Amino acid sequence: MAIAGVDNEAGTPLLSKTVDGSVDYRNEPAVRSSSGGWRSAGFIIGVEVAERFAYYGISSNLIMYLTGPLGQSTAAAAANVNAWYGTASLLPLLGAFVADSFLGRFRTILAASALYVLNLSWFDEQQGLGLLTLSAMIPSDCKVTNPLASCSPPRFQVIAFFGALYLVALAQGGHKPCVQAFGADQFDEKDPEECKAKSSFFNWWYFGMCFGTLVTLWVLNYIQDNLSWALGFGIPCVAMVLALVIFLLGTSTYRFSIRRESRSAFSRIGNVYVAAVKNWRLSASVVADAEESLGLISHTSSTQFSFLNKALVGTSGSSLDELEEAKSVLRLAPIWLTCLVYAVVFAQSPTFFTKQGATMERSITPSYKISPATLQSFISLSIVIFIPVYDCVLIPIARSFTHKPGGITMLQRIGTGIFLSFLAMVIAALVEMKRLKMAADYGLIDSPDVTVPMSVWWLVPQYVLFGISDVFAMVGLQEFFYDQVPSELRSVGLALYLSIFGIGSFLSSFMISVIDKATSRSGQVSWFANNLNQAHLDYFYWLLALLSFIGLASYLYFAKAYVSKRINTL
């Protein structure tokens, strides 16, 4: 059944809407052929390329700026980077809530983009990327080249920098979940061909995102390390202006959606939980009578989290659809929790991996050294190379055997990525052990400013494994949390996926602080000493490898018991 309607986000007239809030494109071929699909998705992926260029232009080299111009210790800088990453990954929950409950995804994207670039008036109070550039222009006596230097930059510079940094986090909190959900909305999941295209969209979305990151790491990091931090932070501002222009150019091609009913999904799901708590004293027989009267079939989906079935009882009892919505959200919790260790591992590449690279031989030519942060480009490069192979070769082969749109299930894909991240940490620990041995053999234990005669290319395998694991786990998590939440909460679903990495970054920051304090007692050398030749990052990596193995085992247990929202997707 279709009902007439006008889009609640952009005011665009649409010929028909289904009762579940999506456009019925099968009944209106004219609307379907003139909107959505890969044409609209192309604009949105272009926006993501520009936005990620801006975001990673700030984040990828952040630890070098904190330990250089801002004069922080390695442990303090790593903790600050992780805390910022955590905040930036949790704020999408706020942005998604605003989008799904009030503004809609389209308007939220516009507002977030405006906040990103709200710095163009020099005479107004500087905000966003403009303030970040301004803070980087303030002179500082701290140098990146001496890791043991003790200095104190102007207090205003520190306040301005961190204020700008968290404004950027707030902006991307509204941008990140909404753009991706809006892109996936351009494909009709009821159409078999568009359903396959939507699965590919998540792959090519990540491809575009990593392409933007790759350009950042090769271009902006060089500018920041060798030319100017102010210029290196200013270019991302221009990139965000470009992202906003690209997004607006595609407005006439986008598919929009309307809210399904007057009550929001948050309200419906919340009422189920509240009603279940109020009815907790009810006997099983009363609940069984309510289930029978509503025609609830006894199968795995209905028996799982059966305590919520008490919400069906009473004059204001929840409907079966509302009950299933509440259960679908609750089912995500074990998967979310067991992926936290993967997020902790993920947090190491822009921090300690970068600091390791800074101590090693980085010369490409006698006059050119590769930036330590540029090593992160091997993660993006491996993703950019592997995604076309995965989407165009591996998925079709797997699809011919499994007959699933994605070739393998989303949960299988995530599990593969977690396993690869475990291998990456094992390799990282072995490489760090070799680096420490080389430093000892050449008498460099007390000479942190002298380059360890070990090529930085030894770090490439762990970066490449990180990249391939991302293709499996990261993209799998994106598709999983988009697919398994109620259709009205898809921005929130993607925000939940991002929150895994937010909490993971906070956990990483907490672990670093605790371990640093515990291992530096009684005059001992911390695992994270400023002099990495005396530190023991290898111990930390072995600890993370152990935690990854435990996390993988837990994930496999809960994934096996997971009940899918849809048939043939997991």
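Throughout, a residue's number is its position along its own chain's written sequence, starting from 1. Predicted model: local features are reported for residues with pLDDT of at least 70 only, side-chain atom pairs are reported and counted for 80 or more only, and whole-chain, interface and lining totals are derived from all residues. Just so you know, side-chain values use all the structure's heavy atoms and leave hydrogens and water out.

Peer 1: Looking at this structure, I do not really get the UniProt feature "transmembrane region" (unreviewed entry) in the protein. What am I missing?
Peer 2: Per the UniProt annotation, the sites labelled "transmembrane region" (unreviewed entry) are residues 204-223, 229-250, 335-353, 373-398, 410-431, 463-482, 494-515 and 539-558. Helical segments are the DSSP runs of H or I of at least four residues, strand segments are the runs of E of at least two, and each set is numbered from the N terminus. Annotated as 100% helix and 0% strand, the span residues 410-431 places its first and last C-alpha atoms 32 Å apart. Counted over residues 539-558, helix gives 100% and strand 0%. Its end C-alpha atoms are 29 Å apart. UniProt positions are given in the numbering used here, feature names are shortened, and annotations may be inferred rather than shown by experiment.

Peer 1: Can you walk me through the nonpolar core in this structure?
Peer 2: Inside soluble globular proteins, nonpolar side chains tend to come together where they are buried. We call a set of buried Ala, Val, Leu, Ile, Met, Phe, Trp, Tyr and Cys residues a nonpolar core when their side-chain atoms join them within 4.5 Å. Note on exposure labels: buried denotes an accessible area under 20% of the residue type's maximum, exposed denotes more than 50%, and partly exposed covers the range between, all computed with a 1.4 Å probe on protein chains only. Membership of the largest hydrophobic core comes to 130 residues, with the highest contact counts inside it found for Met425, Phe480, Ile500, Phe540 and Tyr541. With residues near it in sequence (within four places) discarded, Met425 still touches Val345, Phe353, Phe466, Tyr541, Leu544 and Ala545. Counting residues in each nonpolar core, the second largest holds 13 residues, with Val272, Leu489, Val492 and Ala495 among its members. Any two residues whose heavy atoms approach within 4.5 Å at even a single point are treated as in contact.

Peer 1: What is the right way to look at a nonpolar patch on the surface in this model?
Peer 2: On the surface, Val389, Val393, Leu394, Ile397 and Phe401 cluster together to form a nonpolar patch covering roughly 460 Å² of accessible area. Tracing the backbone shows Val389 in helix H17 (residues 377-402). Each patch is built from residues that are more than 30% exposed by relative accessible area and take part in no salt bridge. Like charges join if they lie within 9 Å; nonpolar side chains (Val, Leu, Ile, Met, Phe, Trp, Tyr) join within 5 Å. Residue burial considers only the protein chains on display, and all accessible areas are found by Shrake-Rupley using a 1.4 Å probe. Think of a salt bridge as a Lys or Arg side-chain nitrogen and an Asp or Glu carboxyl oxygen that are within 4 Å of each other.

Peer 1: What's the story with the side chain of Arg52 in this structure? I'm lost.
Peer 2: By the element assignment, Arg52 lies in helix H2 (residues 37-59). For the purposes of these results, a polar contact is taken to be a pair of N or O atoms within 3.5 Å, where, inside protein, one atom must be able to donate a hydrogen and its partner to accept one; residues adjacent in sequence count only when each atom of the pair is a side-chain atom. At 2.7 Å, the side chain of Arg52 and the side chain of Glu51 are in polar contact. A polar contact of 3.3 Å, which involves the side chain of Arg52, links it to the side chain of Gln172. For Arg52, the residues in contact, after removing those within four places along its chain, are Gly57, Gln172, Lys176, Met209, Thr213 and Thr216.

Peer 1: Whenever I open this one, the side chain of Thr354 confuses me. Can you help?
Peer 2: Mapped onto the fold, Thr354 is located in helix H16 (residues 352-358). When neighbours within four sequence positions are excluded, Thr354 is seen to be in contact with Ile63, Met64, Ser349, Pro372, Ala373, Gln376 and Tyr463.

Peer 1: In this structure, what is going on with the environment of Tyr116? I would like to understand it.
Peer 2: Relative to the helices and strands, Tyr116 is located in helix H5 (residues 105-116). The spacing of Tyr116 and Val241 is 125 residues in sequence and 8.5 Å in space, taken between C-alpha atoms.

Peer 1: What exactly am I supposed to notice about the pairing of strand S6 (residues 452-455) here?
Peer 2: As a general feature of sheets, a regular strand has side chains that alternate between the two faces. Here S6 shows a buried face lined by Val452 and Met454 and an unburied face lined by Pro453 and Ser455. Whether two strands pair depends on DSSP finding at least two bridges between them. Pairing geometry for strand S3 (residues 360-361) and S6, over 2 bridges, is parallel. Note on S6: the bridge partner recorded for Met360 is Val452.

Peer 1: Where do I start with the packing of helix H18 (residues 410-441) against helix H19 (residues 460-483) in this structure?
Peer 2: Inter-axis angles, ranging from 0 to 180 degrees, are taken between N-to-C directions of lines fitted to C-alpha atoms, where helices are fitted over the stretch in contact. With their axes 8 Å apart at the nearest point, H18 and H19 run at an angle of 155° to one another. The orientation of H18 relative to H19 falls into the category roughly antiparallel. At the point where H18 passes H19, the crossing takes the left-handed sense. Each residue gets one of three labels, nonpolar for Ala, Val, Leu, Ile, Met, Phe, Trp, Tyr, Cys and Pro, charged for Asp, Glu, Lys and Arg, and polar for the others, Gly among them. Residues of the contact of H18 with H19, tallied by class, amount to 21 nonpolar, 6 polar and 3 charged. In what follows, roughly perpendicular refers to angles from 65 to 115 degrees, roughly parallel to angles under 35, roughly antiparallel to angles over 145, and oblique to any angle outside these ranges. Crossing handedness is defined as follows: a turn of the near helix away from the far one that is anticlockwise and smaller than a right angle gives a left-handed crossing, while the clockwise case is right-handed.

Peer 1: How should the packing of H17 against H19 be read in this particular structure?
Peer 2: A pair of packed helices can be characterised by two numbers: the angle between their axes and the separation between those axes. For the pair H17 and H19, interaxial distance at closest approach is 8 Å and the crossing angle is 45°. Taken together, the axes of H17 and H19 are oblique relative to one another. Remark: the crossing between H17 and H19 carries right-handed chirality. Residues Phe378, Ile379, Ser382, Ile383, Phe386, Ile387 and Tyr390 of H17 touch H19, and the partners they reach there are Val460, Tyr463, Val464, Phe466, Gly467, Ile468, Asp470, Val471 and Phe472.

Peer 1: Could you clarify how one ought to interpret the packing of aromatic side chains in this entry?
Peer 2: Any aromatic ring pair is given by two values, namely how distant the centres are and how the planes are angled relative to each other. Here the aromatic set is Phe, Tyr and Trp, taking the six-membered ring for Trp, and pairing holds for ring centres within 6.5 Å; pairs whose planes are under 30 degrees apart are stacked, those over 60 apart are edge-to-face, and all others are tilted. Under the criterion given, the structure shown has 32 aromatic pairs. Ring geometry for Trp38 against Phe187: centres 5.1 Å apart, planes inclined by 70°, an arrangement best described as edge-to-face. Separated by 149 residues along the polypeptide, Trp38 in helix H2 and Phe187 in the loop between helix H7 (155-184) and helix H8 (192-226) bring together distant segments of the chain. Note on Phe422 and Phe549: the rings are 5.9 Å apart at their centroids and 50° apart in plane angle, and the pair reads as tilted. Of this pair, Phe422 sits in helix H18 while Phe549 sits in helix H21 (residues 537-561), and the two are 127 residues apart along the sequence. According to the relative accessible area criterion, Phe422 is buried, its value standing at 18%. Cluster of aromatic residues (ring-pair linked, three or more members): Phe352, Phe353, Tyr463, Phe466, Phe528, Phe540 and Tyr541.

Peer 1: What should I look at first to understand helix H20 (residues 490-519) in this one?
Peer 2: In an α-helix, one turn spans 3.6 residues; hence positions three or four apart end up facing the same way. Between the first and last C-alpha of H20 there are 43 Å, a value that for 30 residues agrees with the 44 Å anticipated at 1.5 Å per step. Roughly 25° is the biggest bend found in H20, and it falls at Leu498. For a helix, the expected span equals 1.5 Å multiplied by the residue count minus one. Across the chain, bend at a residue is computed as the angle between axes fitted to the seven residues ending at that point and the seven starting from it.

Peer 1: What's the story with the confidence of the model for the protein in this structure? I'm lost.
Peer 2: One rule of thumb: low pLDDT means the predicted coordinates there are not for detailed reading. The pLDDT averaged across the protein works out to 76; a share of 79% of its residues lies at or above 70. Predictor confidence is given residue by residue as pLDDT, running from a minimum of 0 to a maximum of 100. Scored below 50 in pLDDT, residues 119-136 shows 41 contacts in the model against residues more than four places distant or in partner chains. Below pLDDT 50 for its whole length, residues 143-149 participates in 10 contacts with residues either more than four positions away or in separate chains.

Peer 1: Just checking my understanding: could you explain the pattern of salt bridges for this structure?
Peer 2: Pairing is possible between side chains that carry opposite charge, provided their charged atoms lie close to one another. As enumerated under the stated definition, the model contains 6 salt bridges in all. Two residues, Arg52 and Glu51, come together in a salt bridge whose shortest N-O distance is 2.7 Å. As far as the burial class goes, Arg52 and Glu51 line up, both buried. The structure contains a network of salt bridges with shared partners spanning Glu48, Glu51, Arg52 and Lys176.

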